[in-house]
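Fold and geometry: a report
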Amino acid sequence: MKRLILALVFTFVGSQKYDIEPSFRDRKTYLYSYEGLILHGLQDRGLARTGLKLTCKVEISGLSNNYHMLKIRSPQLEEYNGIWPTDPVIRSSKLIQTIASCFTQFFKFEYNRGQFGNIYAPKDTPVTCVNLVRGILNMLQITVKKSQNAYNLQEAGIEGVCHTSYLIQEDRKTNQVTVSKTKDLNNCQDKVAKNIGMAYIRPCATCPLKEKIIKGTAAFTYKMKYTDAGALITEAVSQQVYQISPFSEPAGVAVIEAKQELTLNDIKSNQVSTSEIELQNYGSLRYHFSRELLQMPIHLIKMKNPESQIVEILQKLIQHNEQVYNREAPTKFLELIQLCRVATPENLKSLWKQVADKPQYRRWLLSAICAAGTTETFMFLKQKIHNGDFSYMESAMTIALAFHLSKADDDSLQAVADLMTSIQIQRAPMLRKLAYLAYGSMINRYCAVAPSCPKEILQPLHDLAAEAISKNSEDDMALALKAMGNAGEPACIKRILKFLPIFSPAAKAFPVTIYIDAVLALRKIARKDPAKVQEILLQIFVDHSLDPTVRMMTCVVIFETKPALSLITSMANALLKESSLQVASFTYSHMKALAINRIPQLYNVSAACNIAIKLLSPRLDRMNYRYSKVIHIGGYYPDYRVGAIGRVYLMNSPRSMVPSAIIMKLRGYYANTATDFVEVALQSQGLSDLVRKQNVLFAEYDTYKKLKVLEKTLLGWKELPPENPLISAYVKAFGHELAFADINKEFIQQTVKALTESSDGHMLVKNVINQIQRGIAGQWTLGILAGEVRHIVPTCVGLPLELSLYSTGVIHAAANVGINISPSLSGNFKPLQFFEANMQLRADINPSIHMHTIAMVGLNTQYFQSGLEFHANFHANIPLKFDAKINMKDKSLKFETTPCHQEMQLVSARTKVYAISRNVEEMTSVRRSVLPEEAALDVSEQHFKSPKRTSRNRAIVGSEEKFHHRAKSYTRVFCGKLQSLGCQTCLNLQFQDAAFLKDTFLHWLVGEREVKLVLKPVHTDAAIAKIQLEFQAGSRAASRIIQMVTPVSEEDDDSALDDAVQTKLKKVLGIENIFKAANRSAHQHLKKQATRKDKAKIAEIQADPTAKYQSSSSSSSSSSASSSSTSSVGDKYRNKDTKDKIWQRRQREGSCGGSSSTRSCSSSEEDHSANTEQHLVRSWSSSSDSEYSKKQADPEIYQYQFTSVHTKQYPRKKVPSGSSSSSSSSSSSSKSSDESSYQASAQPTFLGDFKPPMLAAILRTIRNDRKLAGFQLVLYTDLHSTRPRIQVFVSNITDSSRWKFCADASIVNSYKAAGYLKWGQDCQDYRIAGKVESGQFADYPAAQIKLEWPKIPSRIKLAVKCFYSLVPGVAYMFGFSQREQNNPAQQATLVVALTSPRTCDLVCKLPDLTIYNRDVSLPLPIPLDPHISTSVIQYPAWNFFTKIPSSVIENLKGHCSVSQNMITTFNEVEFNYSMPANCYHVLAQDCSPELKFLVMMKKVDESTDLKAINIKLANHEIDMYPENGLIQLMINGVQTPAENLPYTSNSDAYMLISSEKKGLSVKAPEYGIDKLYYDGHTFKIQVGFWMAGKTCGICGKFDGESKQKYQMPSGYVAKDTESFAHSWIFSEEPCAGDCKLQRTLIKIEKPVGFEKVASKCYSVEPVLRCVKGCSAIRTASVSVGFHCVPVDSTANFDEDQIRLDKAEDLENVVDVHTMCSCEQLQCVA
């Protein structure tokens, strides 16, 4: 037993673990040495880095009850700014003294078992010092688990509560333990971070870690030894790394390294007490933010007296305004904002008193206060608005900008709430709107950071909404909804639903615009409660009773909520039964746009849409732009983590050709964030009514009154609700609505009235014009803070790491404009007279803009700053000083300005990266370039790189010097000189970057880059006094050109242009030399062609017989191959002109080089020609080649050849069969000879020989030697001839110069237009030619645009190459296919083939690339049958250039026709219908509130197909009917013989009745009937495009909704054509009219078993029945829906009801009456 007990004791002792929880013993002092270092920069050797080093002695003394005291001794602070690690650190003695004053105090902290509690320090100790102490103590924070050596947990520290991993290693021999601790700073449960200016930036919570810009980790190593009281930390080392990766490049990162080392030096025994020291609790180990939130990281200001400092900066800014270019103005403006943030309310009030009466000081101070955004500045602005100290514009700008940028807290929210109800705001409607919108935006920012959103702050918006509903105020409804939309709080959902009819029956009376505003108000709420909002929106989307525009807006909001696959599939499933094509087209195009999206944040939505569109019909993608669409433009560049999407939502209305809503939105993506930059929306209704005459009072006509009575005869019919013309617009910035406005009909009429009537009644217009006459003079300056974005996190050292971006700008404009008007405008004048007077204008305008953007990463405290700064400066200054004379009657305009006398910088852009170090004691900051002057290249660290470089290292456009990646700098100057004007513009480029170290975009940015556009004077022979630019139009154009050379009298100036003047003008312009040179070059070209033919003949005669035999055999083989291929095609292909095939073959031979000696090339091309002809055979050509066609693949669209109509009209001469041996060798020369002969037969003619010039423009200089210098332009037009033509000639005025520019464009014939640009000496040096032809492409009508550039300057060639580099990417973005091909050089062609009236095929051939696409949607339908063969079309009558545009416009109008029993509606729906005799049917009717016309038709009798029509129009009732083989006309019951036609009405609106062909036509465009034709058998009506959606009847609504083609008067859709047509029968009194049919509800006679219950069933819709006393002698079968009730039910239904408003239970086929016999009808005489 003793042995057992002893063994157990030894086992227990051996297994016992030491206590490794660190602790400090009481009455002991532990002396540590501490060193902390933080460095910023790129890791590459040889680049500048900045940092800070802190060293000190740390004394930790144990007190009682786990309290300890810390004392810092001998602190040393050293700054680093240099090339790491060679440059030394710099000791800052003054800064050490400042830091030592707070470090040398006592600090107390709670510490138990490795965990820290509260930290105590003397009162008023700077937070920065406390944070540095936290950084030291953070090294001692350790969590030990006794039972585990490796474990993970969430540990609190200076960075917050983050994921931490521990590894414990014990060494029993040395009695020591090593603890390793690592922290994942990207995985924190409660991370310490501060974001400023990111309220409008939305992060992506689901994006992967690699998308984040900043990533960090920290590692700690502890060495401890065991003591009696526990473990003692003898050494602690930490290393923290933050990686800033602005782009997705592993090597392109900036690194912030923080290192700490704490070493135990000694332990002393002493007693320490802090009882006499008053200490304040500063919280836990968690980092606390201090003044760095108010301190901008880009400058360090030592605050002394903010008021005097603000005045000093204001004075400097005013001085800067007097200078044209000053780089310091934006920076000084930022300093002014910084000082305003720390200024007290008393400072602001005092400053305002000083500058209130100084406009320039006032504007600067107000701009800075608005941008400051603190609570104090906000309260100051609110008080000034409330007191009326601001002007109206100042108040509007303050509310629109400052209120959206100010800090949102309880005080500012209450201030805005009080301001909204103040009298000053209530009296100004615009200010009231802006205030409510700003209040909603402030609520959104407040609730984004608050733990909960109090309902009290939402109450003002809820009260406004309730009051608007009670008063039925549409303006307040819209304002309340938009303000709640800005707030974006789920608590507003209940109030918003009260404005939607499906949730609130009272909302059915609200206009559609209110529904749209209610839907848009849910957008921001969806970010906080997406499930609830999606549930609401889906109900709205599937409700067919709502206006299509409301449902399309709902679709937009749904997709912004990032719906899941299930919701998107539900939407797609709903579209399968969708009756509105507008909604279906919009949703499909939106899904398709999202499906091709590559934005990481939208991956899930993109994948879901890609699946959902598979459920839908692809025909929705082929609908034209009459239907709603979503246009998507944008892309994402994963290498740079940046992308942008621009979307245009086009929402069309069935009631208008004009879109009812257009929303344009730009959203940017960077890393894992998204920002809505801007959104502009334009909504409209009733705009089509504004384009027509409005002064016709239709309600006073008899037609209006009769149609009001006839409403009762069409069961259920109601006129459309009135649609007041309205235009509304809103502007959003960063997702918040800033302003909105409504423009109604009254406003438009008042504006037109103000411009056309006398100015006495419109003081505003009068004052504006009077001010213009007095002149304008003054200066205007605006400072703007375009952006402030900051992200701050703590480092382990206890200093804040900041990543920030600032962008500020200064806009300055100085103007001095004087205007002299003659004759002067009297006191009572019309504003339009202002544009008829002669004006002399003297202007001196100097606008400029200077933008400065700074990005900074590094440390930012109130004592020192250290880090990297990226500076980007942009400056533009374009002064305008000129005199102008405008004579509207003489059609002349003259500008005069002074020449360039000194160098002037117009535009400049400069970027540079600095390593900066600042401290508050030494205000002269250290700033040096990151890129050293002599950067060494370490070859051992370089990787092998391909000679191919990225686009960043390409040669600069316009330079032949290559920019190699090893070069450290690049400088180049490009200049363009205008010697005659005495000036030149130069583009200066200067680059220097770090890309030679690593080829990343970040290294490419590091360094210095500068681009400048400079205007410089040029030395001339004589001094230039003035530069003149003059325009003269009309009859004086020619005389003005001649007068400049030879002064003429006024009489000659006004004389007509005779032969002498023509000759003189041609001599002045030098046009004779141009045409002589053209004829000479054409003659030389023909001579060369003839020489080539002679040489070819001689070569053929002298050729070797064997060679001749080989050539002929190859040609014959090619011919046989060609014949064999053509023998298998259909007749249509077989009858094509063989010359076209030869011409195509010659083209292919020309691409091989055009040489007859390269026989292998020519023979292979001949074989290829045969194969190509076989591939071009269509599947429908003939049945004999079906087996061959199956073996061949369908050719791609780019493989077809375009056949010009010109080739068919003017075919080339056929090559004799005997010359087959030489045909291949001379193919290219034959082609060129044909072209030359055509050119020779059509030599260019000068329009000036028989036409005066339409316009003359002269740009010249007034020189001291009186010599002419400059340029002159003359424009000739001949637009009314059979060949319209335009010519432009530009020549140099200098006598010795023969430089000229010529442009000529003409329509050659009905199917061809051509033009050219030529310039150089007599327009012969360079040439660009183009032509447009119509023809056939792949058996479809097509047009071809061809551009050729035989010779162009080298600079244009470089620009073309740059354009080529962009084409593939742009083509890919728009979904085009691409193929590399050796197309003809120096030539580009575009072929557009019409495959349907709404789609086309596109093929674009560039020299090395072919891009193509099929079925591209056209914005407007082309009224041309694509299946018509070109051999059928009569080309001389088919004028492509004149008839197609007019046909497109004509096609926008509505067309309806009736021919025998075939009816074609306005929506192009065709159906057969046999009309019951003697019953009028409503064919077409104006269903708008104006009720302008009614057209009815009836069948005359059963034996014939003749029809009669009745037209009610204004005060006219027109009857047209056949009688005795003629068409009779009766107007208001009076017979009108054909001899009295045409007939014109004498009413306010125009109406014309005339004979046409075999019938009559009616034209009444102001009533909506453009044309109506009737001949007894055929009826056609054409209505204006502005009648879209306003018609009804059998012809339909003219709204494009083919799915609702059979809409009855009740608004419901009929089940078949018979029921549809019967519903539009005009019922008459049985004894008064010939029609004996009426519509009644019917009942199924026998009981029906419905749901296993005997039921009686009634029809839901009325059907045709003969009237009482008549019996049916003819019937027709139709489908009718029935509602059933139990047999014993007491429910009965009136047969005269319009419709049984009950659910449809079953459908049955019944017989309806179509012809009656009324022998028993009893009528009272």
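Relevant structure appears above.
Quick summary incoming for the structure in this document. Just so it is clear, the model here is predicted, and its values are computed rather than measured. (Residues numbered from 1 in each chain as written. Predicted model: local features only at pLDDT ≥ 70, side-chain atom pairs only at ≥ 80, totals over all residues. Heavy atoms only, no water.)

Some thoughts on the sheet that holds strand β66 (residues 1706-1717)
Strand order in the open sheet made by the four strands is β62-β63-β65-β66, with antiparallel pairing throughout. Each of the sheet's edge strands pairs with one partner strand only, and the pair in question is β62 (1648-1650) and β66. Geometrically, the sheet is characterised by an average inter-axis angle of 50 degrees between neighbouring strands, direction not taken into account. One ladder, built from three bridges, connects β62 with strand β63 (residues 1653-1659); its direction is antiparallel. In the sheet register, Val-1648 faces β63, and the bridge partner there is Ser-1655. (Pairing = 2+ DSSP bridges. Helix = DSSP H or I, 4+ residues; strand = E, 2+ residues; numbered from the N terminus. Axes fitted to C-alpha atoms, helices over the stretch in contact; angles between N-to-C directions.)

Describing the pairing of strand β35 (residues 1255-1263)
Successive residues of a regular strand alternate their side chains across the two faces of the sheet. Bridge count for strand β33 (residues 1024-1033) against β35 is nine bridges, and the pairing is antiparallel. Across the sheet, Phe-1031 pairs through a bridge with Ala-1257, a residue of β35. Judged from the six bridges that link them, β35 and strand β36 (residues 1270-1278) form a sheet pairing that is antiparallel. Along β36, the bridge assignment pairs Ile-1258 with Gln-1272. Two successive antiparallel strands, β35 and β36, enclose a turn made up of six residues, where Arg-1266 displays a positive phi of approximately 60 degrees.

Some remarks on the state of the cysteines
One pass over the structure, following the stated rule, counts eleven disulfides. Here Cys-447 connects covalently by a disulfide to Cys-453, the sulfurs 2.0 Å from one another. By relative accessible area, Cys-447 is classed as buried at 8%. (Disulfide = S-S within 2.5 Å. Buried < 20%, exposed > 50% of the residue type's maximum accessible area, 1.4 Å probe, protein only.)

As for the side chain of Arg-910
With respect to the helices and strands, Arg-910 occurs in strand β28 (residues 904-919). Of note is the side chain of Arg-910, whose polar atom sits 2.8 Å from the side chain of Glu-1008. Those residues in contact with Arg-910 that sit more than four places away from it in its chain are Arg-327, His-871, Ala-872, Asn-873, Glu-1008, Arg-1009 and Glu-1010. (Polar contact = N/O pair within 3.5 Å; in protein donor to acceptor, adjacent residues only side chain to side chain. Contact = heavy atoms within 4.5 Å.)

Overview of the sheet that holds strand β59 (residues 1578-1583)
Judged by pairing direction, the sheet is antiparallel, and its eight strands sit side by side in the order β48-β47-β46-β59-β58-β57-β56-β55 without closing on themselves. Looking along the sheet, the strands with just one partner apiece sit at the ends: β48 (1470-1472) and β55 (1543-1544). Looking at chain direction, strand β46 (residues 1454-1459) and strand β47 (residues 1462-1464) are connected through three bridges and run antiparallel. The residue bridging Val-1458 from the neighbouring strand is Ile-1463, located in β47.

Things to note about a nonpolar patch on the surface
Residues Met-664, Leu-666, Phe-677, Val-678, Val-680, Val-731 and Phe-734 make up a contiguous nonpolar surface patch of roughly 540 Å² in combined accessible area. Elements with a minimum of two residues in the nonpolar patch: β18 (659-670) and β19 (673-685). Per-element tally for the nonpolar patch: the top contributor is β19, with three residues. By relative accessible area, which is 37% here, Leu-666 ends up partly exposed. (Patch = residues over 30% accessible without salt bridge, like charges linked within 9 Å, V, L, I, M, F, W, Y side chains within 5 Å. Areas by Shrake-Rupley, 256 points an atom, 1.4 Å probe, with all protein chains shown as cover. Salt bridge = Lys/Arg side-chain N within 4 Å of Asp/Glu carboxyl O.)

Remarks on the pattern of salt bridges
Under the definition given, this model contains 49 salt bridges. One salt bridge connects Arg-49 with Glu-257, and the closest N-O pair in it is separated by 3.0 Å. Taken as a pair, Arg-49 in strand β2 (residues 48-62) and Glu-257 in strand β14 (residues 254-269) lie far apart in primary sequence, 208 residues in all. By the burial criterion, Arg-49 is buried, and Glu-257 matches it.

Observations concerning the side chain of Glu-869
If you trace the backbone, Glu-869 turns up in strand β25 (residues 864-877). Take Glu-869: its relative accessible area is 1%, and that puts it in the buried class. A polar atom in the side chain of Glu-869 sits 2.8 Å from the side chain of His-871. Not counting residues within four places of it along the chain, the set of residues in contact with Glu-869 comprises Pro-297, Ile-298, Ile-854, Ala-855, Met-856, Lys-912, Val-913, Tyr-914, Ile-916 and Arg-918.

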